[in-house]
Amino acid sequence: VQLQASGGGLVQAGGSVRLSCTASRTILSVFNSLNMAWYRQAPGKQREWVARITNGGITDYADSVKGRFTLSRDINRRRVYLQMNSLKPEDTAVYYCNAELRGSNSWGQGTLVTVSS
């Protein structure tokens, strides 16, 4: 599965950004089978899990983003969105989308989100 992430940028604290992850060249039946997630890696830190949406549409979030970030998906566009609200400087990181299919993982190229104080 090929993943393309987009939507990062510079935003002020308290602002919002929406990230997109597109599973390009993925047929519908495969996309519907994917469990998708977002991870992030801040400078000097390890990559951490942020949120996931299962192939059944169930979402789950890390405690640090719960109530501020929202995952959704557009099946027709083969796309998952991460809406990030009330951003904090500590949300600054490179965000990576991930797709898991029967134990096999694919990663997007990462998109940088910088939150200024």
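Residues numbered from 1 in each chain as written. Predicted model: local features only at pLDDT ≥ 70, side-chain atom pairs only at ≥ 80, totals over all residues. Heavy atoms only, no water.

With respect to the packing of aromatic side chains
Then comes step 1: Following the criterion strictly, the structure yields one aromatic pair and no others.
Then comes step 2: Sitting over the face of the ring of Y96, R47 holds its NZ or CZ atom 3.8 Å from the ring centroid.
Then comes step 3: The residue whose ring lies beneath R47 is W107, and the NZ or CZ to ring-centre distance is 4.7 Å. (Phe/Tyr/Trp six-rings, centres within 6.5 Å; stacked < 30°, edge-to-face > 60°. Lys NZ or Arg CZ within 6 Å of the ring centre and 35° of its normal.)

Examining the sheet that holds strand β8 (residues 79-84)
Then comes step 1: Taken in spatial order, the four strands of this open sheet run β1-β3-β8-β7, and their pairing is antiparallel. Each of the sheet's edge strands pairs with one partner strand only, and the pair in question is β1 (2-6) and β7 (69-74). For this sheet the average axis-to-axis angle between neighbouring strands, irrespective of direction, equals 15 degrees.
Then comes step 2: Relative to strand β3 (residues 17-24), β1 runs antiparallel, the two being bridged by five bridges. Pairing of Q2 across the sheet is with S24, part of β3. (Pairing = 2+ DSSP bridges. Helix = DSSP H or I, 4+ residues; strand = E, 2+ residues; numbered from the N terminus. Axes fitted to C-alpha atoms, helices over the stretch in contact; angles between N-to-C directions.)

Some words on the pattern of salt bridges
Then comes step 1: Going through the model one piece at a time under the given rule, you end up with six salt bridges.
Then comes step 2: A salt bridge links D91 to R68; its shortest N-O distance comes to 2.7 Å. With D91 in the loop between β8 and β9 (93-101) and R68 in the loop between β6 (59-61) and β7, this residue pair connects regions lying 23 residues apart in the sequence. Like D91, the residue R68 is buried in the burial classification.
Then comes step 3: Where salt bridges share partners, they join R40, E48, R68 and D91 into one cluster. (Salt bridge = Lys/Arg side-chain N within 4 Å of Asp/Glu carboxyl O. Buried < 20%, exposed > 50% of the residue type's maximum accessible area, 1.4 Å probe, protein only.)

Let's talk about the pairing of β7
Then comes step 1: Summarising the sheet, β7 and β8 pair through six bridges and their orientation is antiparallel. Pairing of T70 across the sheet is with Q83, part of β8.
Then comes step 2: Taking the residues that link successive antiparallel strands as the turn, the β7-β8 hairpin has four residues, and the phi of R78 there is positive, at about 55 degrees.

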